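Report on the structure
Okay, here's what each chain looks like letter by letter:
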Amino acid sequence: MPAPTTDGSPVDQMLAILDGLIAFPSVALTPNVDLIAHVEDLLRPYCSEILLSHDETRTKANLFATIGPVVDGGIMLAGHSDVVPVDPGDWTSPPFTATRRGDRIYGRGTADMKGFLACVLALVPRWAALDLVRPVHVALTFDEEDGFHGAPILIDSLADAPRPAVAIVGEPTGLKVVGAHKGCYEYTTTVTGMNGHSSRPAEAVSAVHHATRWIAGLLGLEEELVERAPAGSRFEPMHTTTNVGVINGGLARCTVAGGCSFDWEMRPVQGSDARFVKDRIAALESGLLAEMRAVHPEAAIETEAVCEIDGLEWEESSPALDLMRSLLGGDPPVGVVAYGTEAGLYQAAGIPSVVWGPGDIAVAHRPDEFVEVSDLEVCLELLLGLGSHLTD
Ligand SMILES: [Zn+2]
């Protein structure tokens, strides 16, 4: 496909770009370098700099492109290149073909979030034609849908790059401004004890018993987490929550369990709560380990982090919210959502962020995912207005 230009209708160009993006089956955990190369081709004529960063296999890449001067400030438009898997049998149209029916375009990733990306790419030539004094950046990550593996690598790669002043993360919010979401920290903890006959429990170390004490300690933090909730927290529930979702352990009723593992999570409303939970659990764990190792020195409790996604913390005065107010006009309502996005990671890296994009999260991870063309048109029009924020 030729690179977009400033000639012709941006809507038609955006739709053509979306067709191209949907055709890449960029399912999380599969290579995305073909898609990134395609986006790079579209951007190349208009960018002053394009930085790629990779995972260790180099089959997956993040892209960070700068339009305009390579200086601090400016606006970062951020998204992820991957999509969730499909079961084609559940779809009424081919999932990796953008299929238009009426005002809707169907296809995996149309809402989450290639529609937003297509809008951004269609406007790049128009921003590039302006006399920008501050840049527009396009950030595109890999494997967001499987634990946000790409964004931390992208953020590390920007250590010496110009720092954007704000970020808009174009997840499908139905074009409503989202100013905060909880974090999502997911773990698997494995307790290793020593098996034995249940008639002589003192000569063994029950992994199941120690796991239940560990879990009771975690769940016992709830009252304090309720008390720690920030005044005026916009979340429902207002406080940080934890959950143990899966437990596996032991062999038989009459055997002291040698092993036990469990999957658990916390959804912090503030970063300090995550540290609070970790500190309290570490103290509990060292007491348990001392008891276990008195009988069996090899006893262990090990926790593997599946992901640690920072929340997007509410900030009463945020340059990102100010930008959205200015783009949208008036005083648009600012909401909070229950799902995680990369905005929390960017905020933690010092880039004030907001979540705003076309499409409905409710259709995003389902068969027959779609985005409405009218949503994309509104998105295009509003993003076009960014230029005036960067030319003086
Ligand atoms: Zn998404």
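What you see as residue numbers is a count from 1 along each chain, following the sequence as written. Totals for whole chains, interfaces and linings use every residue, but because this is a predicted model, local features are given only for residues with pLDDT of at least 70 and side-chain atom pairs only at 80 or more, for both listing and counting. As a convention, hydrogens and water are excluded, and side-chain values are obtained from all of the structure's heavy atoms.

Glancing now at the packing of helix H5 (residues 207-219) against helix H7 (residues 271-295). To obtain each axis, a line is fitted to C-alpha atoms, and for helices this fit is confined to the stretch in contact; angles are then taken between N-to-C directions over 0 to 180 degrees. Numbering of helices and strands starts at the N terminus; helices are DSSP runs of H or I of at least 4 residues and strands are runs of E of at least 2. Between H5 and H7, the least distance of the axes is 10 Å, while the angle of their chain directions is 155 degrees. As summarised for this structure, H5 and H7 are arranged roughly antiparallel, according to the angle between their axes. Classified by chirality, the crossing of H7 by H5 is right-handed. Two secondary-structure elements touch here, H5 through His 210, Arg 213, Trp 214, Gly 217 and Leu 218 and H7 through Val 277, Ile 281, Leu 284, Glu 285, Leu 288, Glu 291 and Met 292. Should an angle fall under 35 degrees it is called roughly parallel, over 145 degrees roughly antiparallel, and 65 to 115 degrees roughly perpendicular, with every other angle called oblique. Handedness of a helix crossing follows the sense of rotation of the near helix relative to the far helix, less than a right angle counterclockwise being left-handed and clockwise being right-handed. We call two residues in contact whenever any of their non-hydrogen atoms come within 4.5 Å of each other.

Counting 59 residues, the largest nonpolar core has Leu 43, Leu 77, Trp 127, Ile 168, Trp 356, Leu 383 and Leu 386 as the members making the most contacts within it. For this core, the element with the highest residue contribution is helix H3 (residues 110-128), accounting for 11 residues. Residues grouped as a nonpolar core are buried Ala, Val, Leu, Ile, Met, Phe, Trp, Tyr and Cys residues, joined through side-chain atoms within 4.5 Å. When a residue's accessible area, from a 1.4 Å probe over protein chains only, is under 20% of the maximum for its type it is buried; when over 50% it is exposed; and in between it is partly exposed.

Let us now look at the packing of aromatic side chains. Any two rings among Phe, Tyr and Trp, with Trp reduced to its six-membered ring, count as a pair given centres within 6.5 Å; such a pair is stacked if its planes are under 30 degrees apart, edge-to-face if over 60, and tilted if neither. Enumeration according to the criterion identifies 4 aromatic pairs in this entry. Ring geometry for Tyr 106 against Phe 370: centres 5.5 Å apart, planes inclined by 50 degrees, an arrangement best described as tilted. In this pair, Tyr 106 sits in strand E5 (residues 104-106) while Phe 370 sits in strand E17 (residues 370-372), placing the two residues 264 residues apart along the sequence. Relative accessible area serves as the criterion here: at 10%, Tyr 106 is assigned to the buried category. Where Tyr 187 meets Trp 264, the ring centres are 4.6 Å apart and the plane angle is 25 degrees; that geometry is what we call stacked. On the criterion of sequence distance, the pair formed by Tyr 187 in strand E9 (residues 184-192) and Trp 264 in strand E13 (residues 259-267) is long-range, its members being 77 residues apart. On the basis of relative accessibility, which here comes to 5%, the residue Tyr 187 falls in the buried class. Every member of this aromatic cluster is reached through a ring pair, and the members are Tyr 187, Trp 214, Phe 262 and Trp 264.

What follows concerns the coordination of the zinc ion. Shown as donors are all N, O and S atoms within 2.8 Å of a metal ion, widened to 3.2 Å for Na, K and Ca; because water is not in the atom set, sites may appear incomplete. At 1.9 to 2.6 Å from the zinc ion lie its protein donor atoms, namely His 80 (NE2), Asp 112 (OD), Glu 171 (OE) and Glu 171 (OE). The rule is simple: four donors are tetrahedral if all their angles sit between 85 and 135 degrees, four are square planar and six octahedral if opposite donors span more than 155 degrees and the others lie between 65 and 115, and anything that fits none of that is irregular. Around the zinc ion, the 4 donor atoms are arranged such that angles at the metal cover 54 to 134 degrees; this shape is classified as irregular. Expressed as a motif, the donor residue spacing for the zinc ion is H-x31-D-x58-E. Of this pair, Asp 112 sits in helix H3 while Glu 171 is found in the loop between strand E7 (166-169) and strand E8 (177-181), placing the two residues 59 residues apart along the sequence.

On to the domain arrangement of the chain. Domain borders in the structure are assigned automatically or taken from a domain database. What the domain assignment lists for the chain is domain 1 (10-181 + 312-389) and domain 2 (184-309). The C-alpha-based centres of domain 1 and domain 2 are spaced at 37 Å. The interface is formed by 13 residues belonging to domain 1 together with 9 residues belonging to domain 2. What counts as buried area is the accessible surface, traced by a 1.4 Å probe, that two parts surrender upon association, with contributions from both included. Sorting the residues of domain 1 by area buried against domain 2 places Glu 313, Trp 314 and Val 336 first, and these three jointly supply 42% of that buried surface. Throughout this description, the term salt bridge denotes a Lys or Arg side-chain nitrogen within 4 Å of a carboxyl oxygen of Asp or Glu. Taken together, the connections running from domain 1 to domain 2 amount to 0 salt bridges. If you list the elements that add at least two residues to the side of domain 1 that touches domain 2, you get E8 and strand E15 (334-337). At 3 residues, the largest contribution of residues to the side of domain 1 that touches domain 2 is made by E15. In this classification, the charged set is Asp, Glu, Lys and Arg, the nonpolar set is Ala, Val, Leu, Ile, Met, Phe, Trp, Tyr, Cys and Pro, and all remaining amino acids, among them Gly, are polar. Looking at side-chain class alone, the side of domain 1 that touches domain 2 contains 8 nonpolar, 3 polar and 2 charged residues.

Attention now moves to the sheet that holds strand E4 (residues 99-101). Here, strands pair whenever DSSP counts at least two bridges between them. Spatial strand order, E4-E5-E17: 3 strands in an open sheet with antiparallel pairing. Among the strands making up the open sheet, the edge pair consists of E4 and E17. Across the sheet, the mean angle separating the axes of adjacent strands is 25 degrees when strand polarity is ignored. Judged from the 3 bridges that link them, E4 and E5 form a sheet pairing that is antiparallel. Pairing of Arg 100 across the sheet is with Ile 105, part of E5. Strands E5 and E17 of the sheet are contacted by H3, whose axis makes an angle of about 50 degrees with E17.

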